[in-house]
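Below, each chain spelled out in residue letters.
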Amino acid sequence: MIFNFLLNIVSKHYLIDESIYLLELLKRCSFKYSFFEKVETFSNNLINESRKTIVLDNVDNLLNEYNLSNKEGIQMMCLAESLLRIPDFFTTNSFIKDKISFQEWENYYCSDYWKVVVYNMAIDLISNLFYKNNIINDEKFFIFMFRKIIFLFSNHLMKNIGKKFVYSHNSDLAVQKALSDKSLFSFDMLGEAAITYYDANNFFNQYLKLIDNIKKNFVGSYRNKVPTISIKLSALHPKYSFYNKKDVVDKLTLILKILVIKTKNTNSSITIDAEECDRMELNLELFNIIFYSLYCLYWNKFGLVIQAYSKRALPALYWINTIAFIRQTKIPVRLVKGAYWDYEIKFIQSLNLNLYPVYIKKFCTDLSYLLCSHYLLSKKCNNNIYPQFATHNIQTISFIIVLSLGRHLEFQKLYGMGDNVYQALKKMHSITCREYAPIGTYKELLPYLVRRLLENGANSSFVNKLLDKECEIIELTKCPLLKKNKKYNKKLPNPIDLFGGKRIPYLFYNLNISFHYYNFFKKISFFEKKIWIANSFNNDKKKVIVSYSPLNEYSIIGIVKHDNNINSSIKILKNSFNYWRLISIEKKVSIIRKFIILLRINFLELIVLCCKEAGKTILDAIADIKEAIDFCKYYASQALAICNKIHLPNYTGENNIYIIEGKGIIATISPWNFPVAIFCGQTISALIAGNVVLAKPAESTSLVAYKLFQLLYKSGIPISVCQIIFGPGSNIGNKISFHKDIYGVIFTGSNNIANLINKNLVMRDNRPIHKLIAETGGINAMIADCSTLIEQLVADVLESSFKSSGQRCSALRLLYIHEDIYEETIKLIFGAMRTFSLGHTLDTANDIGPIITKKNKKNLLNYLYSINEKYNFCVQKKKSFGNYILPHVVRIKGILDLKSEHFGPILHVSMFNNSQINNVIDDINSAEFGLTLGIHSRNETFYKYVANKLNIGNVYINRNTIGAIVGMQPFGGCNLSGTGPKAGGANYLASLITEKTITINTTAQGGNVELLNE
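In this text the structure is predicted, and so the values were computed from the model without any measurement.

Comments concerning the overall build of the protein
Here is step 1: Across its full length, the protein carries 37 helices and 28 strands.
Here is step 2: Buried positions account for 59% of the 1014 residues belonging to the protein.
Here is step 3: Long-range pairs, those at least 24 residues apart, make up 77% of the contacts in the protein with a sequence separation of at least 6.
Here is step 4: Total accessible area on the protein stands at roughly 42,900 Å², and carbon and sulfur atoms take up 53% of it.

A short note on the packing of aromatic side chains
Here is step 1: Counted according to the given criterion, the structure contains 30 aromatic pairs.
Here is step 2: Geometrically, the ring pair formed by F520 and F521 is edge-to-face, given 5.2 Å between the ring centres and 90 degrees between the ring planes.
Here is step 3: Seen from their ring centres, F802 and F836 are 5.9 Å apart, and the 75 degrees between their planes marks the pair as edge-to-face. In this pair, F802 is assigned in helix α32 (residues 790–802) and F836 in the loop between α33 (822–833) and α34 (854–865), connecting sequence segments 34 residues apart.
Here is step 4: Residue classification places F802 among the buried residues on the basis of a relative accessible area of 2%.
Here is step 5: Classification of F836 by relative accessible area gives buried; the value is 17%.
Here is step 6: Following the ring pairs from residue to residue traces out a cluster consisting of F242, Y509, Y517, Y518, F520, F521 and F603.

Brief notes about the pairing of strand β17 (residues 742–748)
One face of the sheet, then the other: side chains in a regular strand alternate in exactly this way.
Here is step 1: Counting buried positions over the seven residues of β17 gives six, a clear majority of the element.
Here is step 2: In this structure, strand β14 (residues 665–669) lies alongside β17, joined through five bridges in parallel fashion. Note on β17: the bridge partner recorded for A667 is V745.
Here is step 3: Of the strand pairs in this sheet, β17 and strand β18 (residues 771–775) are connected by five bridges, and their pairing is parallel. The residue of β18 that forms the bridge with V745 is L772.
Here is step 4: In this fold, β17 hands off to helix α31 (residues 751–763), which returns the chain to β18; that crossover is right-handed.

Section: the sheet that holds strand β16 (residues 722–724)
Here is step 1: Pairing is parallel in the open sheet, where five strands are placed in the order β16-β15-β14-β17-β18. A strand with exactly one partner marks an edge of an open sheet, and here the two such strands are β16 and β18. Adjacent strand axes in the sheet meet at a mean angle of 15 degrees, parallel and antiparallel pairs treated alike.
Here is step 2: In this fold helix α24 (residues 567–581) packs onto β14, β15 (692–696), β16 and β17, with an angle of close to 145 degrees to the strand it touches most, β15.
Here is step 3: Lying on the sheet, helix α30 (residues 729–738) is in contact with β14, β15 and β17; it crosses β15 at an angle near 160 degrees.

Topic: the pairing of strand β11 (residues 552–563)
Here is step 1: Of the pairings in the sheet, the one linking strand β9 (residues 532–535) to β11 comprises four bridges and is parallel in character. Residue W532 lies in a different strand from β11, and its bridge partner there is G558.
Here is step 2: Counted along the chain from strand β10 (residues 542–549) to the antiparallel partner β11, the turn is two residues long.

So, the pattern of salt bridges
Here is step 1: The full count for this structure, using the stated rule, is 32 salt bridges.
Here is step 2: Put simply, R334 and D273 hold a salt bridge, and the shortest N to O gap is 3.3 Å. Of this pair, R334 sits in strand β5 (residues 331–336) while D273 sits in the loop between β3 (270–272) and α14 (280–291), and the two are 61 residues apart along the sequence.
Here is step 3: Under the relative-accessibility criterion, R334 is labelled buried at 2%.
Here is step 4: Among the charged side chains, a salt-bridge network with shared partners connects K574, K740, D741 and R767.

Brief notes about the side chain of S737
Here is step 1: Relative to the elements of secondary structure, S737 occurs in helix α30.
Here is step 2: With a relative accessible area of 1%, S737 lands in the buried category.
Here is step 3: Of the polar contacts made by the side chain of S737, one reaches the backbone oxygen of N734; its length is 3.2 Å.
Here is step 4: At 2.9 Å, the side chain of S737 and the side chain of N760 are in polar contact.
Here is step 5: Residues contacting S737, with those up to four places away along its chain left out, are I757, N760, L761 and R764.

About the thresholds
- Residues numbered from 1 in each chain as written.
- Predicted model: local features only at pLDDT ≥ 70, side-chain atom pairs only at ≥ 80, totals over all residues.
- Heavy atoms only, no water.
- Helix = DSSP H or I, 4+ residues; strand = E, 2+ residues; numbered from the N terminus.
- Buried < 20%, exposed > 50% of the residue type's maximum accessible area, 1.4 Å probe, protein only.
- Contact = heavy atoms within 4.5 Å.
- Areas by Shrake-Rupley, 256 points an atom, 1.4 Å probe, with all protein chains shown as cover.
- Phe/Tyr/Trp six-rings, centres within 6.5 Å; stacked < 30°, edge-to-face > 60°.
- Pairing = 2+ DSSP bridges.
- Right-handed = clockwise from strand over helix to strand, strands pointing away.
- Axes fitted to C-alpha atoms, helices over the stretch in contact; angles between N-to-C directions.
- Salt bridge = Lys/Arg side-chain N within 4 Å of Asp/Glu carboxyl O.
- Polar contact = N/O pair within 3.5 Å; in protein donor to acceptor, adjacent residues only side chain to side chain.

Laid out in structure tokens, this is it:
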């Protein structure tokens, strides 16, 4: 099938070295010097003509003078973006105070900043009364007036920005307005990706209404002005990703066919808009399905948007050209530079991929755009692609004009941007200019406006430079093809260099990319029917236990041989301690690095094991293994720095040596919810510090632990140095904590068990003072005030509460919601929960896996049954085999209503108002848990106040509360949530070592030889 072109050409270019790639592309483009002279001449003429007609309005003045490189510009954007959606005056008042203090008023008055915003009126009044005449001393009154005026005029400013960048707030008005406008338009319904099915259905109806309005009004003499329509596929399905490909394709195929048929009847065209890089291939696949249907045969108005900042841009154009040629149907292609660049960079860094899918320097994006334009204007594409060049950059426009050799072209611009450029261009060349016209209400337009503010206000923005008449023409006409040695963005490290080269990331799969996706599932199929056996390495009698998967109570995944005692393992470890203690740190680190390599080689099998035995989703399993590798790298690097001999200052005739050694036998008791990461973090940290280790993995994930121990031994760790014991915690755990030869315990689990271990260690008579490192979970809360962006809040709440079926110690258990956004937030949470799918975790379409054991499931259900149905909300009821529980939301008064942590997909919610925030803080502190806390607020003063008042180990602001990164966010709590130190932090290894100082009197043999030799 022709779609294989997509898999083989486009997907393979997802991660590719941009400098090598662009160099190869440039070899295939040959331009004479006279060509560049023509481009420069046209650019100069176009700039001069554009600047003749520049008329700056108030918004232009504001964006031009106060761009986002200075404090005022950032404050302006925060105010304008936030004030319209904050429903509460108290929060509004506090928010303004947070962004602009009263003491700064005079500075703002003396500048042109607020003159632009409020047109002098209120500012002049207050400044004359207070600053100049000083006739009134009621400062509280003036502060009140100050904030009230800023609120009123920030709203006024926002509306002005909306009028400038947004065409209309609904499709009816947009169509009526377009009838009288001279310009051509491409309409786009504003809004982010759908979160719920209700959102998706609403977007679909809006598209239908827009198409119907166009059909009714653009008839007769208006037929030549018919607007085109742009659609976002993520707005039509709440789970629009390659993970959920089957359901997306099934549902959106029908929806797209309806939209195509409707659009054909209007004599208009429809274009699939570009979105994040991870959605590009799904966009192309859906386009391919619809394009090959009968509805699009010989219909030349079904198009795509391609983003030039993607390294897959040119391969995608090649694929589009190929299918258009085969079908003899022309495809409109809008070529854009690309949006969401900052998001793409952060996302790839979080995935630990070795390269970025987008160009990391603007020069390379500009160059890619020119190379894509060169291809679109080549003879190969003449009869197959109708190019639409979307750009405001005069140098790019000039290149395309000169390259076209007089051919009539269509350019596209954003509504409200680049008007003067295209007015000048129309005078100089025959073109069609179509405006990308957003339609939406103020609430929907906020994210779009912020993006426009970012693009207009950034120092690198061409629009910004063009408006600045002090910017020389030569700065605007530099051709990317002529620049040298500018292929790298020195401010932005490659993912491989994030940790200074000390922790080189491994190329894991990104399952949103088809090439990765199909290769991944092809390889893991090898392990689908494998049966694993776990057996400790001692000769004691063992009890054979059959291991069943929590995914299916009838599915046998292996056999575990449980130990009855630990004495033989302790004896082996005791005899091996001195041997391991004296091995150099370099040798130990070398072994750990071999172990990392083996983790990488075997990570597919580990993923399958994690999914089958621990019930983790594939994405959670990948994250678990990545974190394990990070722990190994981090502790190995740390050990090299602190575990060497150090020569201390000394008197003459004396030598002082400082040595780091292990303590002895360290027992590690790891949990089932992170069977790779925590198991490896505990074991490797103890080993690398010079201890010998007795490892007791969770009974539920013994097979994963055994596989890890096989890799440890294979990497060079002697069996006598690291022993593993299998069995129930009530038996083996008690024996470990009572044993006289255990010098310390590293434990992750419940607070009750941690206390029991501690008591057992204390009860041992005449034994060295023990070391206990315990991470014990908690009742984790999140506080959301009404300045938060609700869509972001809901996304973070769902991930924090229900990812891994809520079986994380860091999972969100209680959400405090401000009363003014409570109802809207709860509705959105319920709507999003309806999109969740429960089932086998090796299927990426399923979001939630099983509860780890039947006992855990029963405890959770008993808790849910005990709650009054009035306060217990579940979005749907259905029975299933396996240990599955649907997500639940339970309303309570506050954290004091929760007597214990409920380790599953249960989110509690509580409402608060502004006067209760200190009570909320006091309640959280009095609960005495202190692991994680989330704060959602745009008010910096508010979130700093809350964060500083609460005794919490990890505080997360405006993000989810899970997924701490080793070395970036050291993880661990206080009070009832742990003893410290933090895992993946600077002090972890220090807690597992013994410090020794050796002092040598070098004069004992008759004199100070060194001194006498002077």
